[in-house]
Amino acid sequence: MDRPPVRLRPKRVVVVMDGAADEPQEELGGLTPLQAAQLPHADAIARDGICGLAKTVPDEMEPGSDVATLAILGYDPRRYHTGRAPLEAASLKVPLGREDVAFRCNLVTCDGSVLLDYSAGEVSTDEAHVLIGMIEQKLSTRSVQFYSGISYRHIMVWRDGSAEVQTTPPHDIMGRPIEPYLPHGDGEDMLRQLMFDSLEILDSHDINRRRRDEGKPPANMIWLWGQGRACILPPFAVERGVTGAVVAAVDLVRGVGECAGLSAPKVEGATGNLETDFGAKAEAALALLERYDFVLIHVEAPDEASHQGSPERKVWAAEQIDKHIVGPVAEHLRAVPESRLMILADHYTKISTRTHAREPVPFAVSGHPRDEAEGFDEQSAAQTGRFLEEGWRLVELLFAG
Ligand SMILES: [Zn+2]
């Protein structure tokens, strides 16, 4: 006897290969890492679907995953990006009122005049938790509070504070005198005072005495930067008509998801570095697709390889994503009519400079008429002639009828 067919709702999945786009590399025989990598699943999407270049980072903005992830989820970064710290605050579920300003609060190593390490030797979360607790106890007031996060990455909230102050990312000034890079402008006195007070409190802390004994850099100062007011987004569910989730190990990306009203669970085994468990992310995404119709999977590994300056590791990272994530997800979606899968790099991270860059990124979306790209890479995407100036409209390709 015939049963009426079960109507499955179409699913939309985005796989973000963080920083995967790059220039041709001498070590790779003149190919880019995406060209050199074996990416059978991503190549198939580019060949059979639409493929092109998209500007995920507007001209006047800093290229990074905060700006790019907003764009990928359909939010114009020029309109909605308020800073990096508010997004990380959201991932830690730190409440921000309209007048509050969130600052990223790094634990750094400083000898009092030179910034020696922006991550205090990637101080452990347990040690950091105690140190930030100490800072909260000694330095918090009615208007300033501290929230501990992961490793060296923490948050300070300044109630009714100033966001109009110039600050500097500590990873940009390693080994340099701090004086020219201290907060500058409205609110500088209080912020500088907090930073120098923290040095006095933390430098002689037992944890730092022990770290010195063990030959590790002490986590002896806070560095405040990346500030902004709350990031207020129209909910993704209202914008696109579906609920969804974000699978990411990076606070910044999970924070964008939180701000968009998406679920952003922590995934066991997903670490945000080269050893991340690629398969665990795919499994988590497939489980979330039981409940949700949209999932964004973010993988940090190619970006990490670029910051390390390693073409081989970057190729390897892209291949792992293709094999353990794009392949299984594409397979899963084949069984659900009208589903679509988009793959893209969120921004360039160049091995040559070991840092982010703003060129338009390659993307490919399944389930559309063919652009007949040769594969998923920068050059093939450019050759199709398809170019999205407003990268934040990419998401429309996923949801368009
Ligand atoms: Zn990066």
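As the structure is a computational prediction, the values presented were derived from the model and not from experiment. (Residues numbered from 1 in each chain as written. Predicted model: local features only at pLDDT ≥ 70, side-chain atom pairs only at ≥ 80, totals over all residues. Heavy atoms only, no water.)

Peer 1: Is there a simple way to explain the overall build of the protein in this structure?
Peer 2: For the protein, the helix and strand inventory stands at 15 helices and 16 strands. For 401 residues, the compact-globule formula gives about 21 Å, and the C-alpha radius of gyration of the protein, at 22 Å, lands near that figure. Its C-alpha atoms give the protein principal-axis dimensions of roughly 75 × 50 × 40 Å. Expressed as a percentage of the 401 residues in the protein, the buried residues total 56%. Summed over all atoms, the accessible surface of the protein reaches about 17,300 Å², with 48% contributed by carbon and sulfur. (Helix = DSSP H or I, 4+ residues; strand = E, 2+ residues; numbered from the N terminus. Rg over C-alpha atoms; globule rule 2.2 N^0.38 Å. Buried < 20%, exposed > 50% of the residue type's maximum accessible area, 1.4 Å probe, protein only. Areas by Shrake-Rupley, 256 points an atom, 1.4 Å probe, with all protein chains shown as cover.)

Peer 1: Just checking my understanding: could you explain the packing of helix α2 (residues 40–48) against helix α13 (residues 311–334) for this structure?
Peer 2: When two helices pack together, their arrangement is given by the angle between the helix axes and by the axis-to-axis distance. Direction vectors running N to C along α2 and α13 enclose 50°, while the axes themselves pass 7 Å from each other. When the axes of α2 and α13 are compared, the pair comes out oblique. Contacts between α2 and α13 pair Pro40, His41, Ala42 and Ile45 from the former with Asp322, Lys323, Val326 and Gly327 from the latter. Its residues assigned to classes, the contact of α2 with α13 comprises four nonpolar, two polar and two charged. (Axes fitted to C-alpha atoms, helices over the stretch in contact; angles between N-to-C directions. Parallel < 35°, antiparallel > 145°, perpendicular 65-115°, else oblique. Contact = heavy atoms within 4.5 Å. Nonpolar A, V, L, I, M, F, W, Y, C, P; charged D, E, K, R; others polar.)

Peer 1: Honestly, α2 in this entry has me stumped. Any pointers?
Peer 2: Along an α-helix, residues three or four positions apart point the same way, because every turn accommodates 3.6 residues. Buried within α2 are the following residues: Ala42, Asp43, Ile45 and Ala46. Taken end-on, α2 shows its buried residues confined to a sector of 160°, consistent with a single buried face. If you follow the buried residues of α2, they end up packed against β2 (50–54), α13, β12 (340–345) and β15 (361–365). (Arc of directions from axis to C-beta.)

Peer 1: Before we go on, may I ask you to explain the coordination of the zinc ion in this structure?
Peer 2: Six octahedrally arranged donors around a metal ideally form angles of 90 or 180 degrees; four tetrahedrally arranged donors ideally form angles of 109.5 degrees. In the first shell of the zinc ion, the protein supplies Asp303 (OD), Asp303 (OD), His307 (NE2) and His356 (NE2), at 2.0 to 2.5 Å from the metal. The coordination sphere of the zinc ion comprises four donor atoms, whose angles at the metal cover 57 to 146°; the geometry is irregular. What makes His307 partly exposed here is its relative accessible area of 30%. For His356, a relative accessible area of 24% translates into the label partly exposed. (Donors = N, O, S within 2.8 Å, 3.2 Å for Na, K, Ca; no water. Tetrahedral: all angles 85-135°; square planar, octahedral: opposite > 155°, others 65-115°.)

Peer 1: Got a minute to help me understand the nonpolar core in this structure?
Peer 2: Here is a general trend for soluble globular proteins: nonpolar side chains tend to be buried in one another's company. Among the nonpolar cores identified, the biggest contains 48 residues, and Val15, Ile297, Ile325, Leu341 and Phe376 are the most heavily contacted of them. Examining the composition of this core, we find that nine residues originate from one element, α13, more than from any other. Discounting chain neighbours no more than four positions away, the residues touching Val15 are Ile297, Ile321, Ile325, Val326, Leu341, Met342, Ile343 and Leu344. (Core = buried A, V, L, I, M, F, W, Y, C linked by side-chain atoms within 4.5 Å.)

Peer 1: Is there a simple way to explain the pairing of β15 in this structure?
Peer 2: In regular strands, side chains alternate between the two faces of the sheet. Summarising burial for β15: five of the five residues are buried, a large majority. Of the two faces of β15, both are covered, the one formed by Val361, Phe363 and Val365 as well as the one formed by Pro362 and Ala364. Examined bridge by bridge, β12 and β15 share three bridges and lie antiparallel to one another. The partner of Ile343 across the bridge, within β15, is Ala364. (Pairing = 2+ DSSP bridges.)

Peer 1: How should I be thinking about the sheet that holds β2 in this particular structure?
Peer 2: Note on sheets: strands pair through backbone hydrogen bonds, and any given pair is parallel or antiparallel. The sheet built from seven strands is open, its strands ordered β10-β11-β1-β12-β15-β2-β16 with mixed pairing. Where the open sheet ends on each side, the last strands, each with one partner, are β10 (244–247) and β16 (387–388). Relative to β16, β2 runs parallel, the two sharing two bridges. Within β16, the position partnered with Ala54 by the bridge is Leu388. Here α13 sits on the sheet and contacts β1 (12–17), β11 (294–299) and β12; the angle it forms with β1, its principal contact strand, is near 175°.

Peer 1: Sorry, what's going on with the side chain of Gln25 here?
Peer 2: Summarising the element assignment, Gln25 is placed in the loop between β1 and α1 (33–36). Looking at Gln25, its side chain comes within polar contact range of the main-chain oxygen of Glu23, at 2.7 Å. In this structure Gln25 touches Gly30, Leu31, Thr32, Pro33, Pro311 and Ile351, once residues within four positions along its chain are discounted. (Polar contact = N/O pair within 3.5 Å; in protein donor to acceptor, adjacent residues only side chain to side chain.)

Peer 1: Whenever I open this one, the packing of helix α3 (residues 65–72) against helix α10 (residues 251–259) confuses me. Can you help?
Peer 2: At a minimum axis distance of 9 Å, the contact between α3 and α10 shows a crossing angle of 35°. Two packed elements cross with a definite hand, and for α3 against α10 that hand is right-handed. Of α10, the residues touching α3 (which contributes Ser65, Asp66, Thr69 and Leu70) are Leu252, Val253 and Val256. Across the contact of α3 with α10, the residue classes break down as four nonpolar, two polar and one charged. (Left-handed = near helix turned anticlockwise from the far one by under 90°.)

So, to be careful, I would describe these as geometric facts and stop short of saying anything about function.
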